[in-house]
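So the chains spell out like this:
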Amino acid sequence: MSLAYFALIVSVVSASALEIAGATFGAQLGTLAAALSLLAAASSTRKADYEHYLRATSWGRWILIAIPLCIAAQLVPFPLRFAHPIWASAHEVIGGLSLGPITADIGLTVNALLLALAAIALLGVTILVVRNRGRAELVLFVLSGVTAISALMLDLHRLSPALVATVPHELTTSLAGLGLMLNLAVMQLAAERAETHHSLLRSVAIGLCGLVGALVSAVAIFGLSGTNSAIAAAFGVVLTLLILVIRRLDLSPLAASALSVAALAGVAIVLTFLFEKSSGPILLRLVPEMGAETKAALERMLADTRWFGAGAGTFAAVGRIYQSDAGAVLTAPSGATAVFAGMGWVGLVAMIAVSLLALLRLFFGALQRGRDSFFPASAAACILFALVQSFAGPGLLHPAAILCLAVIVGLGLSQSVSQSGSR
């Protein structure tokens with residue numbers, strides 16, 4: 001598993017660092033490293049590893065197959081009445097077979113399929129690799145460090161543009177939100193180490209690193225980002241504290257259920273208020289303000305979207321049809337909007353359902369995990385943040401964010417069923 005572990009780290013670090021630096025090959029390098037990690041894990045997997053993987057994914061193993069299959073189905077030629085209208089128009093002009101795929105752009109959807117396969121590969125490899133608690137801690141440190149550095153870049157850019165000329169704002173905002181949850185988990189790890197008679201000096205050092213990372217991320221997400229992104233991060237922090245309170249106070253199932261229902265009601269009230277503040281399509285109510293012409297183009301595009309969408313990853317290509325300015329590019333204002341345009345209502349509902357299912361699995365796993373509960377708790381908080389953030393901005397569409405989130409979820413799932421000291 002050593003090679004798989006190394007390739008996993010390379011995938012996350014390289015994709016994040018290169019994308020923040022503006023390199024165009026970060027996603028490709030991350031995908032190649034993910035493929036290498038999958039091959040290395042497959043060649044060294046033992047029966048105990050396989051059984052551990054089955055336990056960790058028992059909540060919805062079919063999802064790991066269904067996601068790429070749904071994207072791949074968009075590439076299959078169908079009769080023109082089921083295909084995207086662009087292929088019917090092409091058939092009328094140049095003739096040929098009366099078949100066409102669901103996607104409007106085969107190349108872009110193939111890229112989306114490869115990214116989905118890379119994310120699923122990283123999730124599966126992470127489940128196997130971090131079965132060992134020592135490696136789980138190291139992966140947590142790497143993730144918390146990468147996301148904290150991303151948040152620091154955003155802080156420096158806003159506070160001193162001369163020092164950091166430019167950063168991908170949407171990506172660094174999303175990574176800052178994830179970094180806040182991960183660094184809170186590092187602080188909990190330090191506290192658990194101190195309580196279990198580990199080196200006090202080392203525990204304090206780890207705790208201080210987590211505190212610095214959490215403060216840097218908090219400044220970025222609460223002070224330098226939009227209100228809706230800050231609320232999404234607040235939801236994640238509340239979930240982390242909820243799990244910590246239930247576990248520390250050793251609440252009865254009835255008391256824990258009552259506290260959880262109260263927290264859920266509070267989240268529902270806040271979300272209802274946020275969505276009702278604005279008018280128009282529900283997918284555009286949490287996104288930042290935009291020009292009237294751009295908003296009108298987006299509304300037309302969303303209104304024309306069919307049940308199965310126009311193809312994963314094709315938002316910008318299809319958006320050119322709706323732009324009055326031929327030279328302009330219509331970009332997705334949020335992750336949920338891009339998913340809806342690419343995969344239709346089926347894809348959007350599936351995304352929400354999968355997120356909620358994983359959230360529940362990690363939440364209950366954290367309550368049952370004991371002193372290692374911060375692993376699944378931080379993953380659950382990251383999923384909650386990502387779910388709300390997907391309606392507020394496009395940061396989670398970046399390959400670096402997708403790969404980081406896949407590793408975070410794999411870490412949480414693996415450690416929600418692992419035993420301390422397992423190999």
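Residues numbered from 1 in each chain as written. Predicted model: local features only at pLDDT ≥ 70, side-chain atom pairs only at ≥ 80, totals over all residues. Heavy atoms only, no water.

The protein chain is annotated in an unreviewed UniProt entry as O-antigen ligase-like membrane protein from Bradyrhizobium agreste.

### Some words on the overall build of the protein chain
The secondary structure content of the protein chain amounts to 16 helices and two strands. A globule of 423 residues ought to have a C-alpha radius of gyration of about 22 Å, and the protein chain, at 22 Å, matches this closely. Burial statistics for the protein chain: of 423 residues in total, 51% are counted as buried. When contacts within the protein chain are restricted to residue pairs at least 6 apart in sequence, long-range pairs at least 24 apart make up 76% of them. Summed over all atoms, the accessible surface of the protein chain reaches about 18,900 Å², with 71% contributed by carbon and sulfur. For the protein chain, the distance from the average position of its 23 positive side-chain charges to the average position of its 18 negative side-chain charges is 12 Å. (Helix = DSSP H or I, 4+ residues; strand = E, 2+ residues; numbered from the N terminus. Rg over C-alpha atoms; globule rule 2.2 N^0.38 Å. Buried < 20%, exposed > 50% of the residue type's maximum accessible area, 1.4 Å probe, protein only. Contact = heavy atoms within 4.5 Å. Areas by Shrake-Rupley, 256 points an atom, 1.4 Å probe, with all protein chains shown as cover. Lys, Arg positive; Asp, Glu negative; His and termini not counted. Charge placed at Lys NZ, Arg CZ, Asp CG, Glu CD.)

### Thoughts on the packing of aromatic side chains
What characterises a pair of aromatic rings is the spacing of the ring centres plus the angle enclosed by the ring planes. As enumerated under the stated definition, the model contains four aromatic pairs in all. Taken together, a centroid distance of 6.1 Å and an interplanar angle of 85 degrees make the contact between Phe 275 and Phe 391 edge-to-face. One end of the pair, Phe 275, is in helix 11 (residues 253-277); the other, Phe 391, is in the loop between helix 15 (374-389) and helix 16 (399-415), and 116 residues separate them in sequence. Judged on exposure class, the residue Phe 275 and its partner Phe 391 are both buried. On the basis of an interplanar angle of 80 degrees and a centroid distance of 5.4 Å, the ring pair of Phe 363 and Phe 364 is categorised as edge-to-face. Judged by relative accessible area, Phe 364 falls into the partly exposed class, the value being 45%. (Phe/Tyr/Trp six-rings, centres within 6.5 Å; stacked < 30°, edge-to-face > 60°.)

### Side note on the nonpolar core
In this structure, Val 139, Leu 140, Leu 143, Met 181, Leu 239 and Leu 413 are the most contacted members of the largest nonpolar core, which totals 83 residues. Here the element with the most residues in this core is helix 15; it accounts for twelve residues. Leu 413 has contacts with Ala 56, Trp 59, Leu 123, Ile 127, Arg 361 and Leu 362, leaving out every residue within four places of it along the chain. If you look at the next biggest cluster of nonpolar residues, it comprises 24 residues, including Ala 104, Ala 297, Ala 310 and Val 318. (Core = buried A, V, L, I, M, F, W, Y, C linked by side-chain atoms within 4.5 Å.)

### Some words on the pattern of salt bridges
Evaluated as defined, the whole model comprises eight salt bridges. Between Arg 133 and Asp 372 there is a salt bridge, and its shortest N-O distance comes to 2.6 Å. Here the residue Arg 133 occupies a position in helix 7 (residues 133-159), and Asp 372 occupies one in the loop between helix 14 (335-368) and helix 15, the gap between them amounting to 239 residues. A relative accessible area of 12% means that Arg 133 is categorised as buried. Since its relative accessible area comes to 1%, Asp 372 is described here as buried. Overlapping salt bridges, with partners in common, bring together Arg 133, Glu 137, Arg 193, Arg 369 and Asp 372 in one network. (Salt bridge = Lys/Arg side-chain N within 4 Å of Asp/Glu carboxyl O.)

### A short note on the environment of Leu 189
Here Leu 189 shows up in helix 8 (residues 169-195). Assessed through its relative accessible area of 0%, Leu 189 is described here as buried. For the pair Leu 189 and Ala 112, spaced 77 residues apart in sequence, the C-alpha to C-alpha distance is 35 Å.

### Description of a nonpolar patch on the surface
Side chains of Leu 200, Val 204, Leu 208, Leu 211 and Leu 215 sit close together on the surface and give an oily, nonpolar patch of about 460 Å² of accessible area. Take Leu 215: it is sitting in helix 9 (residues 200-223). Of the residues examined, Leu 215 reaches a relative accessible area of 51% and is grouped as exposed. (Patch = residues over 30% accessible without salt bridge, like charges linked within 9 Å, V, L, I, M, F, W, Y side chains within 5 Å.)

### Observations concerning helix 14
Over its 34 residues, helix 14 extends only 32 Å from the first C-alpha to the last, a length that falls short of the 50 Å expected when each residue adds 1.5 Å. Met 343 marks where helix 14 bends most, by close to 130 degrees. Of the residues flanking the end of helix 14, it is Gly 370, one or two places downstream, whose phi is positive at about 80 degrees. (Expected span 1.5 Å × (residues − 1). Bend = angle between axes of the 7 residues up to and from the residue.)

### Considerations on the side chain of Ser 217
Secondary-structure assignment places Ser 217 in helix 9. With a relative accessible area of 0%, Ser 217 lands in the buried category. Here the side chain of Ser 217 touches Gly 213 through a polar contact of 2.9 Å, landing on its backbone oxygen. Excluding anything up to four places from it in sequence, Ser 217 contacts Ala 148, Ala 151, Ala 176, Gly 179, Leu 180 and Asn 183. (Polar contact = N/O pair within 3.5 Å; in protein donor to acceptor, adjacent residues only side chain to side chain.)

### Digging into helix 1 (residues 2-20)
Counted at 1.5 Å a residue, the expected span for helix 1 with its 19 residues is 27 Å, and the 27 Å between its end C-alpha atoms agrees. By the burial criterion, the buried members of helix 1 are Ala 4, Tyr 5, Ala 7, Leu 8, Ile 9, Ser 11, Val 12, Ser 14, Ala 15, Ser 16, Glu 19 and Ile 20.

### A closer look at the packing of helix 10 (residues 227-248) against helix 15
For the pair helix 10 and helix 15, the least separation of the axes is 8 Å and the interaxial angle reads 155 degrees. Classed by the angle they form, the pair helix 10 and helix 15 counts as roughly antiparallel. Helix-helix and strand crossings are classified by hand; for helix 10 and helix 15 the assignment is right-handed. Here Ser 229, Ala 232, Ala 233, Phe 235, Gly 236, Leu 239, Thr 240 and Ile 243 of helix 10 lie close against helix 15, whose contacting residues are Ala 377, Ala 380, Ala 381, Leu 384, Phe 385, Val 388 and Gln 389. Here the contact of helix 10 with helix 15 is built from residues that sort into eleven nonpolar, four polar and no charged. (Axes fitted to C-alpha atoms, helices over the stretch in contact; angles between N-to-C directions. Parallel < 35°, antiparallel > 145°, perpendicular 65-115°, else oblique. Left-handed = near helix turned anticlockwise from the far one by under 90°. Nonpolar A, V, L, I, M, F, W, Y, C, P; charged D, E, K, R; others polar.)

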